[in-house]
Each structure stands twice: as C-alpha cells, then as structure tokens.
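So you can see what is in the structure, the chains are spelled out below.
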Amino acid sequence: MIFRNDVALSRVTTIGTGGLARAYAEPRTIVELEHTLRSAREQGLDVATVGLGSNLLAADAGVDMLVLRLADELAEARTEGTVLVAGGGATNAVCLHRARAAALGGFEFACAIPGTAGGGVWMNAGAYGSDWSAIVKRALVATADGTGWLTPAELGFSYRHSILRHGQVVAAVEYQLVPSGTDEIRARVRDLVNRRKATQPTTKRTFGSVFKNPPGEVGAGQMLELCGLKGYRHGGAVISSRHANFIENAGGATTADCLALMAEARRRAREAFGVELEHEVVLLR
Ligand SMILES: Cc1cc2nc3c(=O)[nH]c(=O)nc-3n(C[C@H](O)[C@H](O)[C@H](O)COP(=O)(O)OP(=O)(O)OC[C@H]3O[C@@H](n4cnc5c(N)ncnc54)[C@H](O)[C@@H]3O)c2cc1C
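Residues numbered from 1 in each chain as written. Predicted model: local features only at pLDDT ≥ 70, side-chain atom pairs only at ≥ 80, totals over all residues. Heavy atoms only, no water.

S.K.: Can you break down the pattern of salt bridges residue by residue, with the values?
M.R.: Tallying each qualifying case throughout the model produces 18 salt bridges. A salt bridge links Glu271 to Arg267, with the shortest nitrogen-to-oxygen separation between them at 2.7 Å. One end of the pair is Glu271 and the other is Arg267, both in helix α7 (residues 255-273) and 4 residues apart, which spans about a single turn. Classification of Glu271 as exposed rests on a relative accessible area of 61%. When the shortest N-O distance is used, the salt bridge between Glu276 and Arg270 registers 2.6 Å. A cluster of three or more residues bridged by salt bridges with shared partners is formed by Glu264, Arg267, Arg268 and Glu271. (Salt bridge = Lys/Arg side-chain N within 4 Å of Asp/Glu carboxyl O. Helix = DSSP H or I, 4+ residues; strand = E, 2+ residues; numbered from the N terminus. Buried < 20%, exposed > 50% of the residue type's maximum accessible area, 1.4 Å probe, protein only.)

S.K.: I'd love a proper account of the nonpolar core, names of residues and values included.
M.R.: Core analysis: the biggest nonpolar cluster contains 46 residues, and Phe107, Val121, Trp132 and Tyr175 have the highest contact counts within it. Aside from chain neighbours lying at most four places away, what touches Trp132 is Asn92, Phe107, Phe109, Ala110, Ile113, Thr116, Ala117, Gly120, Val121, Asn124, Ala125 and Tyr175. One finds Val210, Leu261, Met262 and Val275 within the second-largest nonpolar core, a separate group that totals 23 residues. (Core = buried A, V, L, I, M, F, W, Y, C linked by side-chain atoms within 4.5 Å. Contact = heavy atoms within 4.5 Å.)

S.K.: Just give me the short version of the layout of surface pockets, but keep the residues and values in it.
M.R.: As a volume, the second largest pocket reaches approximately 240 Å³. As for the second largest pocket, its lining consists of 13 residues, of which Glu73, Arg78, Val85, Gly87 and Ala172 are closest to the centre. Contributing elements (two or more residues each) for the lining of the second largest pocket: β5 (77-80), β6 (83-87) and β12 (169-176). Per-element accounting of the lining of the second largest pocket gives the leading share, 3 residues, to β6. A breakdown of the residues in the lining of the second largest pocket according to their chemical character gives 9 nonpolar, 1 polar and 3 charged. (1 Å grid on protein atoms, 1.4 Å probe; cavity = no way out; pocket = protein on both sides within 12 Å on 5 of 7 lines; lining within 4 Å. Points joined across faces, edges and corners; volume = space filled by probe spheres on them. Nonpolar A, V, L, I, M, F, W, Y, C, P; charged D, E, K, R; others polar.)

S.K.: Got a sec to walk through empty space enclosed by the protein? Specific residues and values, please.
M.R.: Following the criterion strictly, the structure yields 1 cavity of 30 Å³ or more and no others. Estimated volume of the largest cavity: approximately 30 Å³. For the largest cavity, the full set of lining residues is Val210, Phe211, Leu224, Ile239, Ala244, Ile247, Leu261, Met262 and Ala265. For the lining of the largest cavity, the element with the highest residue contribution is α7, accounting for 3 residues. Broken down by class, the residue content of the lining of the largest cavity amounts to 9 nonpolar, no polar and no charged.

Pasting the structure below:
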C-alpha cells in the first residue's frame, strides 16, 4: 500500500502546529483499516491515529510514523435502540446530534469537547462530572494482529487515561444512552455551552487543557494563574488570559513555543506548590 507523505500535521491539529507525517492515510472501512495496519507493519511503520487533533501536539520536525485519520464509514454514527454506535472518527458534534434526534440523553457533557469517539476513548475525555467511562459500553479496537471488542474494564479507564497505545485504533464505539426529552437535551447543552464560553478561550486555537488537574483542591489552571502566567508568551504561543491551563496560538506558534511555555509552567508550579504537573495533551514525535 502506498501512503501519502505530504501531509503537514499543522493541518490536523486544532492548535495548528506540527511538521510532516512520514506517512499518512485515511482508511474508510474496517477492511481498509485492517489492511492499512498490516501494510504498515510490513513496511516497519509505527502507527498513530488522530481524531480532530484537539488534544495533540505534533513535533515541528515531523512525526516518524504512519498517521491515520478515520473517514467515511469509520466516521459515521447511528442509533440502535438506546445504543449510539459511532465510528472511531465520528465527531462528538455528530454523535450528539444523532443522540438528540433519537431522544437519547447522557452524551450532553461532551457538547463542548471538540473531538471524536476514538479520541474520547483514548483520553477518557470528560467534563462537568462525567466522562467516556460512564457511557462506553464497548469499543472495537483494531491492530495489525486483529480486531476485537474491548469492555470498559479492558480499556482501563481512569482520569483522562485509558490503556490504549499507538498502533491500537478505535474503529467504533458503542455508547449506552438513556431515553430523554429532546427539549431537555437542548436545554442541558445550552447551559453547558454557556458555562464553557464564560470561562474558556473557545474562539482561539488551542489544544484544550494543557495539564491534568493534580490531586487536591487547586486545579492546574488556578495554580498557573496564581503563578502569574496568564498572558505569558513564548514566540507565537501564549498562556490564555481567559484560563491559564490553555495555550493559544497567537499567530505563527510552533510546537516548540508551546513546549517552552509548558516547561516554564511546570517549573513555576513545582517551585510555588511543590507539584509536578502532568501533561494532558498527547505529544506526537
Ligand atoms: C477548546 C477545547 C476544549 C476542550 N475541552 C475538553 C474537555 O472539557 N474535556 C476533555 O476531556 N477534553 C477537552 N479537550 C481536549 C480534547 O478535545 C479531548 O481530549 C478529545 O477527546 C480529543 O479527541 P480527538 O479526537 O481530537 O483526539 P486527538 O487530539 O486527535 O488525539 C488524542 C489522542 O487520542 C488518540 N486517538 C484519536 N483517535 C483515535 C482512534 N480512533 N483510535 C485510537 N487512538 C485515537 C491519538 O492518537 C492521541 O493519542 C478540549 C480541547 C479543546 C481544543
């Protein structure tokens, strides 16, 4: 199989940084995906999958991997009774739309998370007291060795974490939802989106939360704000003056700029609070 080698990852990450992928493909069906994974193994290529790139930082010098983005059939969503069946590349927006059309609730918490079903599983993404682990019934995971369904226990969910590793591709996800009035769903979504707009830089290019919240009362954003880092800039990247756990691309940012800000933020949090902040964002090299 021949892969593309002209795809800049700045085009597939929400922060808009990152160099070329060594190889790139957009499998459209499970058969194509399995074939792609076997072909990558034959060519000695490591594989990483991207969703909307909304929690990703890719190296400026490029990524020495086959980067996959799931398309067509692997990015669709439909309901079957109270189960929402989503392709790994289906966006949360599409899933929410399908759920609401079928009067199914439980997915509203994801309304302001700009990712895909696969990215949500990998990250155990969450907001407003819920996360993927609360609604995933099972996930179809493809590797070069074969494809099979994994249960939530097998996915090893914990705070913003699953046990998935590159080379394991979430091809589909089944969400267990609950019957709910469509007006109630709309009202919940409206409320959550308004809360989000009031506190986060929703109109800027970011990659979501930079760091996981450390255990304890003080969140990462509050800690970095207390360190005086709001508005702190390196090159084209700036720590958001809206929410200090976000880095914005203020124009011409590079991944190196973001990493420099992250190193400074970790150093200041260590000095001021004795806390080692852990990256939430995934680094692709
Ligand atoms: C404005 C903004 C707000 C955000 N708010 C939140 C929030 O409230 N809560 C939250 O948890 N996150 C939040 N995020 C971060 C991000 O949206 C989530 O982590 C999201 O789930 C990532 O999904 P994605 O499809 O974009 O994954 P990507 O960012 O593309 O990838 C993230 C990881 O998942 C892996 N991956 C992606 N797709 C697959 C797949 N099909 N199979 C296997 N691995 C895969 C990637 O390899 C990578 O390791 C926010 C981001 C932004 C930009």
